[in-house]
Amino acid sequence: EHEDTSLLLPALLEGQNYGAAAADGTQCPPVAGSRKNPTKRDCLVVGVLCFGNLINFIDWFIVPGILLDIQKYFGLSDGKTGLLQTVFTLCYMLAAPIFGYLGDRYNRKIILGAGLFFWSGVTLGSSFITESHYTIFVLSRGLVGIGSASYSTIAPTIIADLFEEGRRTTVLSIFYIFIPVGSGCGYMLAAGMAKSTGDWHWAFRVTPCMGGLALLLLILLVPHRIQRKTAAHRALSISGTIQEADEKPDVHRTTKTTWCQDVGSLVKNCSFVCSSLGLTAMAFVTGALGMWMPLFLYRAQVVQGIVPPCLQESSNSLIFGGITIGTGILGIIAGAEAARRLRKRNNKADPLICATSMFVSALCLYIALMVAQTNILSTFIFIAFGELFLSVNWAVVTDILLYVVTPRRQSTAIALQILVSHLLGDAGSPYLIGLISNAIQARNIPSLQWSFWSMQYSFVICAFVGVFGGGFFLLTSFYIEEDRKEAQR
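Keep in mind it's a predicted model, so treat the numbers as computed, not measured.

What follows is about the overall build of the protein. Helix and strand counts for the protein come out as 18 helices and two strands. Going through the 489 residues of the protein one by one, you find that 57% of them count as buried. Of all intrachain contacts in the protein linking residues separated by at least 6 positions in sequence, the fraction that spans at least 24 positions is 84%. As displayed, the protein offers around 19,400 Å² of accessible surface, 67% of which is attributable to carbon and sulfur atoms.

In structure tokens:
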């Protein structure tokens, strides 16, 4: 049963019709209530989807929250440990475009429910894997990534269809706030369950229960069919700026291009290419931090003599989770507000904000690494500032794409940006950091000191990648005005 939806991966775009749904002009009966005056049921739907998004990112960051326990249980090197998050991200990255295609043509509620049931079931099953079956455990993380992709690509499109421009900005911002909140809760839940039960396996048995509740709420409260917006190409940025394309039928509705032509055009868009490479650097750094930072902090404390090396440590995950939640919320809000205010004075404000925040974040991260062996409190402080400035960019990067790419190519642009940023960013950075750490340890006498130094030296690459990311955003500022004008023609 077909549903008139659109391929909309990160969800800040409005309805563009592609594929079979666009060809036959099929429209679904509208949900009750006006989009200008959202009903109580609309708000309940948003609540259910936000709850699912929370569970999604809790599952994503359960492993980093108990990384030390998992590493000791399976007897893993740093390289093999980093493979866990890499496999998860790769499967997520490759599955996302497939679910976007399915969501564009088939009933989104069914896909959401199936994905939620699948990843919750796999997560529960992974809690019973023994130490002799590490390969199966890795495979289970990949399957969870596939299930998570079904939710991340489809849930935001439902929200986008329920609300008009002004409210949609607010609601989507709330939806995305649950990314850092869920990430931080993943660390805290995993560490808390491992500490309270004495067995890290229990960390994987909480979210399946939450997933069952979310599935029940999805079945009861989310309409089976939701009408797709049919207005001509229109894009709404998270900072509240509405970009409207030329709606003359002679221009956009009769001009059809192939996917290869769209990609060719995007490759020639310097602002899109440079900002995407900047986003890739951001993803690289956040992926490495998310996977390894709690373990790095533990090794720093061991070297300082704060904790014994035999401790099944969990407090760092709790603290790092709290930092992730706080800095994520503040960063997203601050970034959107800074962009809204400064772009009135400078047309290049967006890429300059991104470049500045990347440079400052890289500096803070580097300082945190250098002081980790002598002052753990200063390390936490500089890590917090580094994460805060990284979070500033998420909303602003989305804005840049929306106004430098013509609306009829925005879905393709977003899909490519997601693919590249994950493939070259957080899909490989955890594994790469682990491999470098292994190589350094292999060349030196095994010791607690070198266990710390190997991770410290490996992390330095993240600071340099952050500087390169700032450079790409700086390059974006040289082309952004010309590309913005081109996209508005």
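Next comes the rest of the write-up.
For the structure on display, the rule yields 19 aromatic pairs. One aromatic cluster in this structure is built from F57, W60, F61, F88, Y92, Y187 and F320. Between the NZ or CZ atom of R205 and the centre of the ring of F128, over which it lies, the distance is 4.5 Å. Over the ring of W202 we find R205, and its NZ or CZ is 4.6 Å from the ring centre.

Bringing the nonpolar core into the picture now. The biggest cluster of nonpolar side chains holds 119 residues, and the ones touching the most others in it are L49, I66, I70, M293, F296 and F459. The leading source of residues in this core is helix α12 (residues 270-304), at 17 residues. Counting contributing residues per domain, this core is built from domain 1 (38-227) and domain 2 (261-488), each supplying no fewer than three.

Running from N to C, helix α4 (residues 67-74) and α12 cross one another at 80°; their axes reach a closest spacing of 9 Å. By the angle class used here, α4 and α12 are roughly perpendicular. Along its contact with α4, which presents L67, L68, Q71 and K72, the element α12 presents M291, W292, L295, Y298 and R299.

Tracing the backbone shows G335 in helix α13 (residues 315-342). On the accessibility criterion, G335 (0% relative accessible area) is buried. Residues G335 and C354, 19 residues apart in the sequence, show an inter-C-alpha distance of 8.8 Å. Excluding residues that lie within four positions of it along the chain, G335 makes contacts with V392 and V396.

Rules behind the numbers
- Residues numbered from 1 in each chain as written.
- Predicted model: local features only at pLDDT ≥ 70, side-chain atom pairs only at ≥ 80, totals over all residues.
- Heavy atoms only, no water.
- Helix = DSSP H or I, 4+ residues; strand = E, 2+ residues; numbered from the N terminus.
- Buried < 20%, exposed > 50% of the residue type's maximum accessible area, 1.4 Å probe, protein only.
- Contact = heavy atoms within 4.5 Å.
- Areas by Shrake-Rupley, 256 points an atom, 1.4 Å probe, with all protein chains shown as cover.
- Phe/Tyr/Trp six-rings, centres within 6.5 Å; stacked < 30°, edge-to-face > 60°.
- Lys NZ or Arg CZ within 6 Å of the ring centre and 35° of its normal.
- Core = buried A, V, L, I, M, F, W, Y, C linked by side-chain atoms within 4.5 Å.
- Domains from an automatic or database assignment.
- Axes fitted to C-alpha atoms, helices over the stretch in contact; angles between N-to-C directions.
- Parallel < 35°, antiparallel > 145°, perpendicular 65-115°, else oblique.

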